[in-house]
Amino acid sequence: MVLYHFSEPSAPPEGVSCESASSTSLRVSWRPPPKEGLNGELAGYELRYQRVSRAGGGGGGGGGGGGGQGQEVKGLPIPAQQVETVIEGLDKWSWYNLTLAATTTEGTGPDSPAALCRTDEDVPGAAPRQVDVQPLNSSALRVTWRSVLPRLRQGQIRGYQVHFVQSESVESRNLPRIKDLLLDESQMEEDDSTQYELILGGLRADTLYSVSVAAYTTKGDGAHSKAKLVQTQGITPGPPSFWVRPGSGPAVEVHWAPPLTCSESGSDSRGPPLEILGYRLQFGLKNTSLDSTVDFTSRERNFTASNLSQGSSYIFVLSARSRAGYGDEVQQEITVPLFPPLGHPKLSSYVNVTCCSIQFSWLPPHPDECNGVLTEYTIAYKEAPGPNPSSDPGLYFLPTPTAPPWLIMIPASESSYTILGLNHSTAYEVQLRAHNVAGPGPFSPPLVSQTLAFETGRAGLRPQENPSPSKHWFSFTSLLPLMWISLQKTLY
């Protein structure tokens, strides 16, 4: 009589392996334990599996189904004659550790070495996050977004598709266009903070677009983000034609013409026509802020900037305006030229004359007519034209020949002057002009005064009561130096 001793198996199944059957299932295969390790009749198998966050407990790419490890699950009993089974209802694109043990009527044997498997990819389970669309110009939009949450990716994100379509309402009327952003290997290990960007170009100006973003795996693209409605900018004008030139006095004349081009050369020519609504001119001293701004209508074409600082350089900047705003600026630099005084000194009508001198005074030109700081004065005097009375009443009056005037330069600090060495009993014209660094201004109207005869002495146009002899009478010897100067001028 042979006695058999039965107990639980002492050896696990052999050659346990697994592979993905789908995005939610794994196929497991094995070989039975060796007969010497069964210790009885094989009754079946017991399968246990557990989701893990990374391959091998810490490697591999991101998976779905959330982070961390899941609970260990005991599968349904497997009949003894089976050497393969399929585990259903698993998380997509997730790693699993699984073990297999043989069972007899006496119990369950040891577990096989753990097999590590991953379920297959699927399309992403959610749309990209934080999608934002901003207009760059009249022909381009800038789209930014963040990736799908790791637990919802359900596969390796290979890239993104941006769908955009021209739309006049929430519901698009046209077929969408697609622009693809393919990730390279270095971009596939992404985290929650990764931000992506794509520029949509070649769009129509001043047009509404609907934009959405979807991620895709090898299985296809997932859900699209909520559509964003964004309008491209209108076309802004190019630089106007622009001329500046010195004006009359301390001023600059500005002239311009409408732009010949748009600032957005890539804009769709089928867009709305460009309408110039006006112009903006800014100007100011060079190397300072442009503190003067003037707006013009679309029909205005010129402007005069007056009361500028002579000798200073100014910057003028002009731009045209459309419905989308101001376009490209054009800039010109010009130096305001220096101008001589515009006005003349004001000669006083009160003069003091002697037989050989004329003393007079004046006021400088009005400050608005000086065009800067005065540097000097020029006195011009000459004998007045016309008949010159003779001392002999029997003779006819003889005309005085016209001669060039004598010129005297005096500092700008002076306000009166005495011309010496004149002929007695002679009418003289006196004129005065002011100078600045740019040159002389106009002469004043002539002041005509006549010197006295020797026996008359000195007199003023404004008579004084009880004149002092010391002020009004000169001896002949005191006049000799003055007569000598007059004689020198006559001879030389």
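An account of the accompanying structure is given in this report.

Procedures and definitions
- Residues numbered from 1 in each chain as written.
- Predicted model: local features only at pLDDT ≥ 70, side-chain atom pairs only at ≥ 80, totals over all residues.
- Heavy atoms only, no water.
- Helix = DSSP H or I, 4+ residues; strand = E, 2+ residues; numbered from the N terminus.
- Buried < 20%, exposed > 50% of the residue type's maximum accessible area, 1.4 Å probe, protein only.
- Contact = heavy atoms within 4.5 Å.
- Areas by Shrake-Rupley, 256 points an atom, 1.4 Å probe, with all protein chains shown as cover.
- Phe/Tyr/Trp six-rings, centres within 6.5 Å; stacked < 30°, edge-to-face > 60°.
- Lys NZ or Arg CZ within 6 Å of the ring centre and 35° of its normal.
- Salt bridge = Lys/Arg side-chain N within 4 Å of Asp/Glu carboxyl O.

1. Section: the overall build of the protein
And step 1. Helix and strand counts for the protein stand at three helices and 36 strands.
And step 2. When the 492 residues of the protein are sorted by exposure, 39% land in the buried category.
And step 3. When contacts within the protein are restricted to residue pairs at least 6 apart in sequence, long-range pairs at least 24 apart make up 68% of them.
And step 4. With the model as given, the accessible surface of the protein reaches about 27,000 Å², and the carbon-plus-sulfur share is 52%.

2. Some points on the packing of aromatic side chains
And step 1. Counted by the stated rule, this structure contains 13 aromatic pairs.
And step 2. When the centroid spacing of 6.3 Å and the interplanar angle of 65° are considered together, the rings of Tyr 49 and Tyr 96 count as edge-to-face. Placement of the pair is Tyr 49 in strand β3 (residues 42-52) and Tyr 96 in strand β7 (residues 95-104), with a sequence separation of 47 residues. Residue Tyr 49 shares its accessibility class with Tyr 96, and that shared class is buried.
And step 3. One aromatic cluster in this structure is built from Trp 256, Tyr 279, Phe 283, Phe 296, Phe 303 and Phe 316.
And step 4. Note that Arg 118 overlies the ring of Trp 93, its terminal NZ or CZ placed 3.6 Å from the centroid.
And step 5. The cationic tip of Arg 280 hangs over the ring face of Tyr 326; the distance from NZ or CZ to the ring centre is 3.9 Å.

3. Focus: the pattern of salt bridges
And step 1. For the structure shown, the criterion picks out 15 salt bridges.
And step 2. Ionic pairing is found between Arg 27 and Glu 84, a salt bridge with its closest N-O pair at 3.8 Å. One end of the pair, Arg 27, is in strand β2 (residues 25-31); the other, Glu 84, is in strand β6 (residues 84-87), with 57 residues separating them in the sequence.
And step 3. A residue is classified by how much of its surface remains accessible, and Glu 84, at 41% relative accessible area, is partly exposed.
And step 4. Members of the salt-bridge network, linked through shared partners, are Glu 46, Arg 48, Glu 72 and Lys 74.

Shape is all these values report; function is a separate question.
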